[in-house]
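So the chains spell out like this:
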Amino acid sequence: MTNELPEMRASDAERDRIAELLRDAFSEGRLSTDEFEERLEATYQARTRGELEPLVRDLPQPSAAATPAAATAKGRWAGRFGGKPTSRGGVAIMGGFVRKGPWTAPRTFNCFAFWGGGDIDLREARFEDREVVIRATAIMGGVNITVPHDAEVMVSGLGIMGGFDHSATGAGSPGAPRIVITGFAFWGGVGVERKPPAGEERKELAGDE
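Residues numbered from 1 in each chain as written. Predicted model: local features only at pLDDT ≥ 70, side-chain atom pairs only at ≥ 80, totals over all residues. Heavy atoms only, no water.

Draft legend 1. Quick peek at the pairing of strand E8 (residues 142-148). The element E8 is extensively covered by neighbouring structure, given that 5 of its 7 residues are classed as buried. Across 5 bridges, the pairing between strand E5 (residues 117-121) and E8 is parallel. The residue of E8 that forms the bridge with Asp 121 is Thr 146. Of the strand pairs in this sheet, E8 and strand E13 (residues 189-195) are connected by 7 bridges, and their pairing is parallel. Counterpart to Val 147 in the pairing with E13 is Arg 194. (Buried < 20%, exposed > 50% of the residue type's maximum accessible area, 1.4 Å probe, protein only. Helix = DSSP H or I, 4+ residues; strand = E, 2+ residues; numbered from the N terminus. Pairing = 2+ DSSP bridges.)

So, in structure tokens, the structure goes:
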């Protein structure tokens with residue numbers, strides 16, 4: 001990134017490029033967990049190029065010939081991005097909803113549970129984009145969200161006389177999706193859990209028997 005036009009608005013691609021540099025630096029041990037999470041949050045909140053540049057000023061820069069990381073998913077995530085979402089939301093009123101298996105998650109998924117429950121499993125999902133935002137509201141009900149064990153996860157929801165689980169927040173592997181979970185729980189709960197792919201989970205359970 002150049003220092004030209006620092007007040008120019010940053011694009012999503014530029015934010016993704018900075019995020020990928022931070023992920024690489026974290027995996028190489030150049031950043032602590034706290035530094036990585038703080039800089040990553042600042043990256044996605046940045047509005048201009050001038051706000052992005054200081055976040056990676058002290059980190060190694062890739063050569064100009066390198067392929068932009070945002071354009072290439074790595075490892076098992078190759079081919080898991082893009083496509084038309086199969087669902088954009090879920091509602092559970094004295095009932096339930098389930099989104100699991102090989103579905104395509106949208107950029108923003110809104111869900112609501114009232115005297116009911118929802119189950120969202122992203123382990124086998126495709127993703128419309130590299131970042132997915134799940135907005136969950138649970139009132140006297142619950143929403144359970146299962147995320148891939150190697151995804152980047154940020155949870156910022158609020159629980160009042162209920163619970164909103166933040167324990168899954170953390171960094172992910174290179175090329176993995178970024179999953180942002182936010183919302184509100186009142187006399188209810190939103191649970192977030194990291195798990196390996198269903199096939200690997202079954203192998204682990206069989207090995208414990």
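Draft legend 2. Spatial organisation of the environment of Ala 92. Mapped onto the secondary structure, Ala 92 falls in strand E1 (residues 89-93). A sequence separation of 25 residues divides Ala 92 from Gly 117, and the C-alpha atoms of the two residues are 5.8 Å apart. Excluding residues within four positions of it along the chain, Ala 92 makes contact with Phe 97, Phe 112, Ala 113, Phe 114, Gly 116 and Gly 117. (Contact = heavy atoms within 4.5 Å.)

Draft legend 3. Highlighting the side chain of Arg 15. Summarising the element assignment, Arg 15 is placed in helix H1 (residues 12-27). Engagement of the side chain of Arg 15 in a polar contact is seen with the backbone oxygen of Ala 46, the distance being 2.8 Å. The residues contacting Arg 15, other than those within four sequence positions of it, are Ala 10, Thr 43, Tyr 44, Ala 46, Arg 47 and Leu 52. (Polar contact = N/O pair within 3.5 Å; in protein donor to acceptor, adjacent residues only side chain to side chain.)

Draft legend 4. View of the pattern of salt bridges. Counting across every chain of the model gives 10 salt bridges. Note that Glu 128 and Arg 107 form a salt bridge whose closest N and O atoms lie 2.8 Å from each other. Taken together, the residues span a long stretch of sequence, with Glu 128 in the loop between strand E6 (126-127) and strand E7 (131-139) and Arg 107 in the loop between strand E3 (104-105) and strand E4 (108-114) at a distance of 21 residues. Relative accessible area serves as the criterion here: at 15%, Glu 128 is assigned to the buried category. We classify Arg 107 as partly exposed; its relative accessible area is 42%. The salt bridge involving Asp 121 is made with Arg 123; its shortest N-O contact spans 2.8 Å. Three or more residues are tied together by salt bridges with common partners; here these are Arg 88, Arg 107, Glu 128 and Asp 129. (Salt bridge = Lys/Arg side-chain N within 4 Å of Asp/Glu carboxyl O.)

Draft legend 5. Spatial organisation of a nonpolar patch on the surface. Residues Val 91, Ile 93, Met 94, Trp 115, Met 140, Leu 158, Ile 160, Met 161, Phe 184 and Trp 187 make up a contiguous nonpolar surface patch of about 1,000 Å² in total accessible area. When contributions to the nonpolar patch are tallied by element, the ones reaching two or more residues are E1 and strand E10 (158-160). When you line up the elements, Met 94 lands in the loop between E1 and strand E2 (96-99). Using a relative accessible area of 62% as the deciding quantity, one classes Met 94 as exposed. (Patch = residues over 30% accessible without salt bridge, like charges linked within 9 Å, V, L, I, M, F, W, Y side chains within 5 Å. Areas by Shrake-Rupley, 256 points an atom, 1.4 Å probe, with all protein chains shown as cover.)

Draft legend 6. The nonpolar core, seen in detail. Of all hydrophobic cores here, the largest spans 30 residues; its most connected members are Ile 120, Leu 122, Ile 134, Val 143, Ile 145, Ile 181 and Val 190. Mapped onto this core, the elements with two or more residues apiece are E4, E7, E8, strand E9 (152-155), strand E12 (178-186) and E13. With 4 residues, the top contributor of residues to this core is E7. Discounting residues that sit within four places of it in the chain, Val 190 has contacts with Ala 136, Ala 138, Val 143, Ile 145, Gly 163, Phe 164, Asp 165 and Ala 185. Counting 14 residues, the second-largest nonpolar core is a separate cluster that includes Leu 21, Ala 46, Leu 52 and Leu 59. (Core = buried A, V, L, I, M, F, W, Y, C linked by side-chain atoms within 4.5 Å.)

Draft legend 7. Geometry of helix H2 (residues 33-45). With 13 residues, H2 extends 18 Å between its outermost C-alpha atoms, agreeing within 8% with the 18 Å of an ideal straight helix rising 1.5 Å per residue. When H2 is considered as a whole, its buried residues turn out to be Phe 36, Arg 39, Leu 40 and Thr 43. Axial view of H2: buried residues confined to an arc of 105°, hence all on one face. Opposite the packed face of H2, turned more than 90 degrees from it, sit the exposed residues Asp 34, Glu 38 and Gln 45. (Expected span 1.5 Å × (residues − 1). Arc of directions from axis to C-beta.)

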